[in-house]
Amino acid sequence: MVVSSNDAKIMIGMVARGDDQHNVAAWFGENQGRVADALSGKYGTTDAAPKNELPPSGPPGMKGRRLRYKAIKAIEALEAGDSTTALSLLKEGIENFNKNE
């Protein structure tokens, strides 16, 4: 993956917010070296993205697993003809995914 200057701003903003560098790298599917490169200005900026442009904090792996579980349950509900439960599960999954942890 190529790290863009916009990606670098988000990385810098996440680190400035206090996120662990390994979690920042994981959000981008990169290693911590790319985060260090972003912090040093290698991608053309040392500016941080505004807080409203940052993804939620916390390790994405656990968040992804929890969201996957909700999506599977939503599919099962849809297959059973229960769209109300499916929609509720998906909304809850996204709400939980977007929490800062």
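Residues numbered from 1 in each chain as written. Predicted model: local features only at pLDDT ≥ 70, side-chain atom pairs only at ≥ 80, totals over all residues. Heavy atoms only, no water.

A word on helix 1 (residues 5-17)
Point 1. The end-to-end C-alpha separation of helix 1 is 18 Å, in line with the 18 Å expected for 13 residues at 1.5 Å each.
Point 2. Among all positions in helix 1, only Asp 7, Ala 8, Ile 10, Met 11, Ile 12, Gly 13 and Met 14 are buried.
Point 3. Elements that come into contact with the buried residues of helix 1 comprise helix 2 (21-28) and helix 3 (32-39).
Point 4. Two residues or fewer after helix 1 comes Gly 18, characterised by a positive phi angle close to 110°. (Helix = DSSP H or I, 4+ residues; strand = E, 2+ residues; numbered from the N terminus. Expected span 1.5 Å × (residues − 1). Buried < 20%, exposed > 50% of the residue type's maximum accessible area, 1.4 Å probe, protein only. Contact = heavy atoms within 4.5 Å.)

As for helix 2
Within an α-helix, residues lying three or four positions from one another point in the same direction, as the helix has 3.6 residues per turn.
Point 1. Taken together, the buried positions of helix 2 are occupied by Asn 23, Val 24, Ala 25 and Phe 28.
Point 2. Following helix 2 by one or two positions, Gly 29 has its phi on the positive side, about 70°.

Examining the pattern of salt bridges
Point 1. Tallied over the entire structure, the rule returns seven salt bridges.
Point 2. In this structure, Glu 92 engages Lys 70 in a salt bridge whose closest nitrogen and oxygen atoms are separated by 2.7 Å. Note that Glu 92 is positioned in helix 5 (residues 83-97) and Lys 70 in helix 4 (residues 60-79), a separation of 22 residues in sequence.
Point 3. According to the relative accessible area criterion, Lys 70 is buried, its value standing at 15%.
Point 4. Its salt-bridge partner being Lys 73, residue Glu 76 comes within 3.4 Å of it at the nearest N-O pair. (Salt bridge = Lys/Arg side-chain N within 4 Å of Asp/Glu carboxyl O.)

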